[in-house]
Amino acid sequence: MSKYFKSQAAPTADPQIWEHSKQVEDGIGGGVLVATDLVAGSKLKKGALIYWDGSGATRNVYPVKNALVVSGGTTAAPRVNKNHLFIVGDACYVSGDAVTINSIDTTNSAYDVITFSAACTGATAGAYLEQATAAGATPTVKYNANALLGESILDVQGGETCTVVLWVFQAIEKSRLPYSASDLRIADLTKLKFV
């Protein structure tokens, strides 16, 4: 049997953030994940905030990235909650110039340490890092959330078809989202109610 089957742990179930029967999908076949800003082979969980470009023929889906800063770090190397999607090379900001991520230390089980190219103004406990379009002065957010990912992608490679959830006819607990989400990005989702 071992010649043909490989024993491994079962994949974890999608988080039950909302009741599936109460979701309204885009209605035109979802979108295609653009994974250039994600780690290949990683998992992208159901409930992730996404930007869905439903206007073009390709209907691309882009992940929206935030990270909650926790106590103990510095503005040049803040500690952040584990539930983020940032990778080396991303540009981030809080309230000042956008800076580039030089490294991410994931060795601690309670938090990650993101080391920036320079101090990130406002990156103190309780603040959220926002992904910027580029490093530099007067940053702009890379993607504004307009939907949620409707089901997990177990092996991110790029080009996967995604279920795009535009409305959910029930309140969603923000604390149950799989990744950090700032109040600004939650406010982008005007058709969803969060508690």
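Before any of the text, the structure's been laid out above.
As the structure is a prediction and not an experimental result, all values here were calculated from the model.

**Topic: the pattern of salt bridges**
No. 1: With the rule as written, the count across this model stands at six salt bridges.
No. 2: Across the pair K82 and D112 runs a salt bridge, and its minimum N-O distance is 2.7 Å. With K82 in the loop between strand 6 (79-80) and strand 7 (91-93) and D112 in strand 9 (residues 112-116), this residue pair connects regions lying 30 residues apart in the sequence.
No. 3: Exposure remark for K82: the relative accessible area of 33% places this residue in the partly exposed category.
No. 4: On the basis of relative accessibility, which here comes to 4%, the residue D112 falls in the buried class.
No. 5: Across the pair R185 and E130 runs a salt bridge, and its minimum N-O distance is 2.7 Å. One end of the pair, R185, is in helix 1 (residues 183-188); the other, E130, is in strand 10 (residues 128-132), with 55 residues separating them in the sequence.
No. 6: In this structure R185 comes out as buried when scored by relative accessible area, which is 6%.

Cut-offs and rules
The residue count restarts for each chain, going from 1 along the sequence in the order it is written. Local features are withheld for residues below a pLDDT of 70 in this predicted model, meaning they are given only at 70 or higher, and side-chain atom pairs are given and counted only at 80 or more; totals for whole chains, interfaces and linings count all residues. Side-chain metrics in this entry use all non-hydrogen atoms of the structure; hydrogen atoms and water are not considered. The term salt bridge refers to a side-chain nitrogen of Lys or Arg lying within 4 Å of a carboxyl oxygen of Asp or Glu. Helix and strand definitions follow DSSP, with helices as H or I runs of at least four residues and strands as E runs of at least two, each counted in order from the N terminus. Accessible area is worked out with a 1.4 Å probe on protein chains only. A residue is then buried under 20% of its type maximum, exposed over 50%, and partly exposed in between.

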